[in-house]
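# An overview of the molecular structure
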Amino acid sequence: MCMTRVKIAVFSIIISFFSVAFADVFPVPEYGYVIDFPEGFSLEDGTEDLSMLLFKHTMLPVQVLVKVWGADSYSSADAALRGTFSKVGGNGDVAFLQWRNRMCAVAKMTLQNAALEGEHGGWSCVIPLAEKKGWLTVLAYAPSKVVYDCEQFLLSILDAVMTDRGSYKDCGIVTSYAYPAGVKKELTLNIGGKKIKTQIGGDDDVAAQFVIDREWAVFTLFVDTPFAIEAWQRFYRMVARDSMGRTKKIAFDIQNALLADAQKTDAVQPYAAIAQELLHWTQGFKYDRASQTVDKADFAPLPLVLEGGSSDCDSRSMLLAVLLRHMGVDACMFISAEYSHAMLGVAFSEKQGQTIHVDGIEYLVGETTAKNLTLGMMDASMQDRDKWYPVMFYD
């Protein structure tokens, strides 16, 4: 049964709730999942109960089929994916992984059925939903003759699936499959004169670069389109989500080391004191701006930055935003093509200074590359708010 007009209207209202900050985020509360699609998708068809949705892209020959099978329909993610293949004329080698403490399945696949013109290829996954709401199955595909050129785009779609609040701050399923968590290595940070011992994943730098390269490839598809700004914001949002998955322990250890002194400095808003300390910390990082090319982003992976590598304004701003968000602070980052710059944004109600307004909230700006500036200080030549775009993270 095709989706009724009433249901489409309801679904549009749900989507519009997220559209201020996230242009193409599709949440389906009935089943508890969200997909942060690349820009340009439209909802083409679906069932009235939203258990099946078909999306098509307006620029690329890419389709995404999302199906939720009932919890009792299959006994495992493997069975759900193979069962889906049998119904849609697909096949592929199914692999397994633990993601969000659930056994999931992924597969590179081919499809051929009466609804498609010729053979298609792509990637698919099955994730068991929380509260036994069913088996979330996502198939992203394109005609076989162009599927290689679309592969980064297809992988990005699967990695943009979120199934619980914890997954808003964790690495995506594709990246977790390609780079499973391994041995940790020791890391010592020097913040405000304190030596803070923590740990980071041994392969986190490589995995983070994998996400950056993939998401940059997706972003560049939209550079000369009306979707350019939204695609740029999504690039940072996807990288930030992956980075949050790699910095949980680091943020926890920093918070433990700094909180007591911060409470003495600012008893009312101690996390504002932590934010200021972290701002001064990043202002002392080694600066380097790599040459940005069509196939290479000018962005340093946060694990490398934490290990003492060179960085620029956007990687520093993201680093502070993800660390502070782990601590419960409402933080974001701001980007500007006009100024070729990025800044931190933090919401502290009792603090004064230069702010940028986003959805009813005033965010104090933080300049990460000019030394000795405090929160709320902003270069006089960069104060046109219309030239700044927010990058809001999943909440």
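Calculation criteria
- Numbering of residues starts from 1 in each chain and follows the order in which that chain's sequence is written.
- Thresholds applied to this predicted model are a pLDDT of at least 70 for local features of residues and 80 or more for the giving and counting of side-chain atom pairs; totals over whole chains, interfaces and linings are not thresholded and use all residues.
- Hydrogens and water are ignored here; the side-chain numbers use all heavy atoms of the structure.
- With axes taken as lines fitted to C-alpha atoms, and helix axes fitted only over the stretch in contact, angles between N-to-C directions fall between 0 and 180 degrees.
- Here a helix means four or more residues in a row that DSSP labels H or I, a strand means two or more in a row labelled E, and each is numbered from the N terminus.
- Angles are sorted into four bins: roughly parallel if under 35 degrees, roughly antiparallel if over 145, roughly perpendicular if 65 to 115, and oblique for all others.
- By definition, any crossing whose near helix is turned counterclockwise from its far helix by less than a right angle is left-handed, and any crossing with a clockwise turn is right-handed.
- Pairs of residues are marked as contacts when any of their non-hydrogen atoms sit within 4.5 Å.
- Should DSSP find at least two bridges between two strands, the strands are regarded as paired.
- Pairing of aromatic rings covers Phe, Tyr and the six-membered ring of Trp, with a centre-to-centre limit of 6.5 Å; geometry is then stacked below 30 degrees between planes, edge-to-face above 60, and tilted otherwise.
- Burial classes follow relative accessibility: with a 1.4 Å probe on protein chains only, a residue under 20% of its type's maximum area counts as buried, one over 50% as exposed, and anything between as partly exposed.

### Considering the packing of helix α6 (residues 228-246) against helix α10 (residues 313-326)
Interaxial distance between α6 and α10 falls to 10 Å at its minimum, and their mutual angle equals 50°. Judged on the interaxial angle alone, α10 and α6 are oblique. In this structure, α6 crosses over α10, and the sense of that crossing is right-handed. Facing α6, whose interface residues are Tyr236, Val239, Ala240, Ser243 and Met244, α10 presents Asp314, Met318, Val322, Arg325 and His326.

### A word on the pairing of strand β11 (residues 184-191)
Inspection of the sheet shows β11 paired to strand β12 (residues 194-201) by 8 bridges, in the antiparallel sense. Among the inter-strand pairings, Thr188 is bridged to a residue of β12, identified as Lys197. A loop of 2 residues connects β11 with β12, the two strands running antiparallel in sequence, and Gly192 in this loop sits at a positive phi of about 60°.

### Description of the packing of aromatic side chains
All chains considered together, the criterion is met by 19 aromatic pairs. Between Phe153 and Phe222 the ring centres are 6.5 Å apart and the planes differ by 40°, which places this aromatic pair in the tilted class. Here Phe222 lies in the loop between α5 (204-220) and α6 and Phe153 lies in helix α3 (residues 147-159), a separation of 69 residues in the sequence. Here Phe153 falls in the buried class, since its relative accessible area comes to 2%. Look at Phe222 and you get buried, because its relative accessible area is 1%. Relative to Phe285, the ring of Trp281 has its centre 5.0 Å away and its plane inclined at 85°; by these criteria the two rings are edge-to-face. A residue is classified by how much of its surface remains accessible, and Trp281, at 11% relative accessible area, is buried. Connected via pairs of aromatic rings, a cluster forms that spans Phe26, Phe37, Phe41, Phe55, Phe153, Phe222 and Phe227.

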